[in-house]
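The primary structure of each chain is shown beneath.
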Amino acid sequence: MSFNVPSTLTPDEVASVMVKLGVKKHKDRYASIFFKAFLAGAMLSFGGLLSEVLQGGAAGLTASNPGIVKVLGGFVFPVGLVMIVLQGQELLTSNMMVFPMAVAKRAVPWWSLPLNWVIVTFGNLTGSLFFAAVLVKYSGIVSADPYATFIKNFALHKAKDPEWHQIFLRGIGCNWLVSVAVWQAAGARDTLSKIFAIWIPIWIFVACGFDHVVANMFSVPLGIMFGADVRVPIDFLATPFRTTLLHDLPLTLLIPL
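Residues numbered from 1 in each chain as written. Predicted model: local features only at pLDDT ≥ 70, side-chain atom pairs only at ≥ 80, totals over all residues. Heavy atoms only, no water.

Looking now at the overall build of the protein. From N to C terminus, the protein includes 12 helices and 0 strands. Secondary structure elements of the protein, listed N to C terminal, follow the sequence α-α-α-α-α-α-α-α-α-α-α-α. The 257 residues of the protein split such that 45% are buried. By sequence separation, contacts in the protein at least 24 residues apart represent 82% of the contacts at least 6 residues apart. (Helix = DSSP H or I, 4+ residues; strand = E, 2+ residues; numbered from the N terminus. Buried < 20%, exposed > 50% of the residue type's maximum accessible area, 1.4 Å probe, protein only. Contact = heavy atoms within 4.5 Å.)

Shown next as structure tokens:
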């Protein structure tokens with residue numbers, strides 16, 4: 001006698017999976033967490049680079065139809081999160097959903113939450129910087145125009161254009177969709193369903209222009225490497241919360257969605 005197994009878990013079952021995942025992350029070794037976070041930063045940067053290559057190489061289409069270029073750039077970006085989820089790596093923004101759930105259920109102690117976030121933040125940042133410097137800048141794969149100019153201007157747009165409150169709100173929209181993607185992937189039973197479940201929400205957040213802190217760890221430093229006039233230190237007196245590599249990091253950390 002055969003039984004049809006549902007293709008997705010119920011919301012209650014997914015919530016239980018998330019809590020168990022939080023416990024597993026809590027018990028993991030710190031060095032392992034950092035290494036997984038390093039790889040996650042690099043994996044997400046693959047998607048970021050692919051998106052910038054597509055948009056940067058479509059100058060003519062951008063001039064005539066900028067909307068379709070943003071949609072196409074958003075469409076290719078999710079490859080990074082797909083690799084992260086399928087490989088079981090550590091991404092800061094998904095942990096912002098997993099750990100509060102585990103803490104709320106008292107499955108892990110409260111101090112594990114900030115400790116994990118700190119380790120994963122620096123791991124994601126290190127992986128993103130490694131990818132940007134070694135595999136992109138030093139490899140010369142996008143050193144010629146129109147890519148180099150687009151990369152520089154993209155970093156300037158991310159770092160200088162939005163006001164601090166706009167970055168804060170964009171962080172909410174981004175991390176909401178990232179959490180939806182990870183939640184849906186956890187509920188899917190097969191690989192293709194997981195990929196599709198991740199793809200749609202991430203496509204939306206990139207195409208709509210929301211801000212992802214780890215994606216910005218790649219795109220903004222890469223722009224600086226290509227000559228973007230973006231200062232790293234935070235200058236609270238002259239331009240509060242702006243023109244910095246780290247400007248959106250503390251803001252996004254406040255959004256545990």
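The rest of the description comes next.
This part takes up the packing of helix α2 (residues 30–56) against helix α5 (residues 79–87). Closest axis-to-axis distance for the α2/α5 pair is 7 Å, and the angle between their directions is 155°. By the angle class used here, α2 and α5 are roughly antiparallel. Seen along the crossing, α2 lies across α5 with a hand that is right-handed. Judged by residue contacts, Ala40, Met43, Leu44, Phe46, Gly47 and Leu50 of α2 engage Val79, Gly80, Leu81, Met83, Ile84 and Gln87 from α5. Partitioned by chemical class, the residues of the contact of α2 with α5 number 9 nonpolar, 3 polar and no charged. (Axes fitted to C-alpha atoms, helices over the stretch in contact; angles between N-to-C directions. Parallel < 35°, antiparallel > 145°, perpendicular 65-115°, else oblique. Left-handed = near helix turned anticlockwise from the far one by under 90°. Nonpolar A, V, L, I, M, F, W, Y, C, P; charged D, E, K, R; others polar.)

The next point concerns unusual backbone geometry. Note that the residue after Asp145, namely Pro146, is joined by a cis bond; omega there is 10°. Located in the positive-phi region is Arg106, a residue other than glycine, with phi close to 60°. Note that Arg106 resides in the loop between α6 (92–104) and α7 (112–137). Residue class for Arg106 comes out exposed when judged on its relative accessible area of 78%.

Quick look at the packing of α7 against helix α11 (residues 213–225) now. With their axes 9 Å apart at the nearest point, α7 and α11 run at an angle of 40° to one another. On the basis of their axis angle, the class for α7 and α11 is oblique. When the axes of α7 and α11 are compared, the crossing they make is right-handed. For the pair α7 and α11, the contacting residues are Thr121, Asn124, Leu125, Ser128, Leu129, Phe131, Ala132, Ala133, Val136 and Lys137 in the first and Val214, Met217, Phe218, Pro221, Leu222 and Met225 in the second. Classifying every residue of the contact of α7 with α11 by side-chain character gives 12 nonpolar, 3 polar and 1 charged.

The next subject is the UniProt feature "transmembrane region" (unreviewed entry) in the protein. The positions that UniProt labels "transmembrane region" (unreviewed entry) are, in the present scheme, residues 30–51, 71–92, 113–136, 164–183 and 195–215. Spanning residues 71–92, this segment combines 73% helix with 0% strand, and its end C-alpha atoms are found 25 Å apart. Along residues 195–215, the helical share is 81% and the strand share 0%, with 19 Å between the first and last C-alpha atoms. (UniProt positions renumbered as here; feature names shortened; annotations may be inferred.)

Turning our attention to a nonpolar patch on the surface. Residues Phe46, Phe130, Val134, Leu135 and Tyr138 make up a contiguous nonpolar surface patch of roughly 490 Å² in combined accessible area. Here the nonpolar patch takes 3 residues from α7, the largest share from any one element. Tracing the backbone shows Val134 in helix α7. In this structure Val134 comes out as partly exposed when scored by relative accessible area, which is 36%. (Patch = residues over 30% accessible without salt bridge, like charges linked within 9 Å, V, L, I, M, F, W, Y side chains within 5 Å. Areas by Shrake-Rupley, 256 points an atom, 1.4 Å probe, with all protein chains shown as cover. Salt bridge = Lys/Arg side-chain N within 4 Å of Asp/Glu carboxyl O.)

In this structure the tally under the stated criterion is 7 aromatic pairs. With a centroid separation of 5.7 Å and an interplanar angle of 55°, the aromatic rings of Phe75 and Trp199 are classed as tilted. Here Phe75 is found in helix α4 (residues 66–76), whereas its partner Trp199 is found in helix α10 (residues 191–208), with 124 residues between them in sequence. Here the aromatic rings of Phe131 and Phe218 are separated by 5.7 Å at their centres, their planes lie at 65°, and the arrangement is edge-to-face. Of this pair, Phe131 sits in helix α7 while Phe218 is found in helix α11, placing the two residues 87 residues apart along the sequence. The class of Phe131 is buried, set by a relative accessible area of 1%. Overall, the relative accessible area of 2% leaves Phe218 in the buried class. Clustering of aromatic rings is evident, with ring pairs tying together Phe46, Phe131 and Phe218. (Phe/Tyr/Trp six-rings, centres within 6.5 Å; stacked < 30°, edge-to-face > 60°.)

For the rest of this paragraph, the subject is the environment of Phe99. Here Phe99 is to be found in helix α6. Among the residues examined, Phe99 registers a relative accessible area of 0% and is labelled buried. Spatially, the C-alpha atom of Phe99 lies 8.6 Å from that of Lys25, the residues being 74 residues apart in sequence. Apart from residues lying up to four places away in sequence, Phe99 is in contact with Gly22, Lys25, His26, Ser112, Leu113, Asn116 and Trp117.

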